[in-house]
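# Geometric and topological summary
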Amino acid sequence: MRRDILFQILKAAVAAVVFALLFVLAFTLIIQLFSVGDGAIKPVNQVFKIICLALGCIIFIRGEKGLVKGALAGLIYIVATYLLFGAFAGDLAVGWLQLAELALGVFAGGIAGIIAVNIKKV
């Protein structure tokens, strides 16, 4: 894999992780200020994981092969956030839910990559 392609993938994944960290901080503040039901936390987290990944891909993925680049960025992003947030929570168990989340990340990253290479960058 060419170096510039690898850097695009890594930059997109790192940007998505940074966006996710910012989201978690903001969402934690919202949860503290307002009474947010426990049932809303997981769906909101999943939606914002996809949004963070899409932002990372749209900002950094260019050229061609958006599906592959985005899917790899999604894979790296999901694994990185799983390790990061799992370490914070002290729980790194792997089960079907984590595998489904990994599949969702790869799928969403692929779609975001396709969109990213097909929009005009300014």
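Attention in this report is confined to the structure presented alongside it. (Residues numbered from 1 in each chain as written. Predicted model: local features only at pLDDT ≥ 70, side-chain atom pairs only at ≥ 80, totals over all residues. Heavy atoms only, no water.)

## Brief notes about the environment of I41
Within the secondary structure, I41 is located in helix α2 (residues 38-60). Along the primary structure I41 and A73 are separated by 32 residues, whereas in three dimensions their C-alpha atoms are 24 Å apart. Once residues lying within four places of it in the same chain are set aside, the contact partners of I41 are F27 and I31. (Helix = DSSP H or I, 4+ residues; strand = E, 2+ residues; numbered from the N terminus. Contact = heavy atoms within 4.5 Å.)

## Regarding empty space enclosed by the protein
Considering all chains together, one arrives at one cavity of 30 Å³ or more under this definition. Its volume calculated, the largest cavity comes out at about 60 Å³. Listed by contribution, the elements that provide at least two residues to the lining of the largest cavity are α2, α3 (66-89) and α4 (96-118). Residue composition of the lining of the largest cavity, by class: five nonpolar, two polar and two charged. (1 Å grid on protein atoms, 1.4 Å probe; cavity = no way out; pocket = protein on both sides within 12 Å on 5 of 7 lines; lining within 4 Å. Points joined across faces, edges and corners; volume = space filled by probe spheres on them. Nonpolar A, V, L, I, M, F, W, Y, C, P; charged D, E, K, R; others polar.)

## As for the side chain of T81
Within the secondary structure, T81 sits in helix α3. Accessibility expressed as a relative area gives 2% for T81, which makes it buried. Among the polar contacts listed, one links the side chain of T81 to the backbone oxygen of I78, at a separation of 3.2 Å. Other than its neighbours up to four places away in sequence, T81 contacts V17, A20 and G86. (Buried < 20%, exposed > 50% of the residue type's maximum accessible area, 1.4 Å probe, protein only. Polar contact = N/O pair within 3.5 Å; in protein donor to acceptor, adjacent residues only side chain to side chain.)

Honestly, it's all geometry; don't read function into it.
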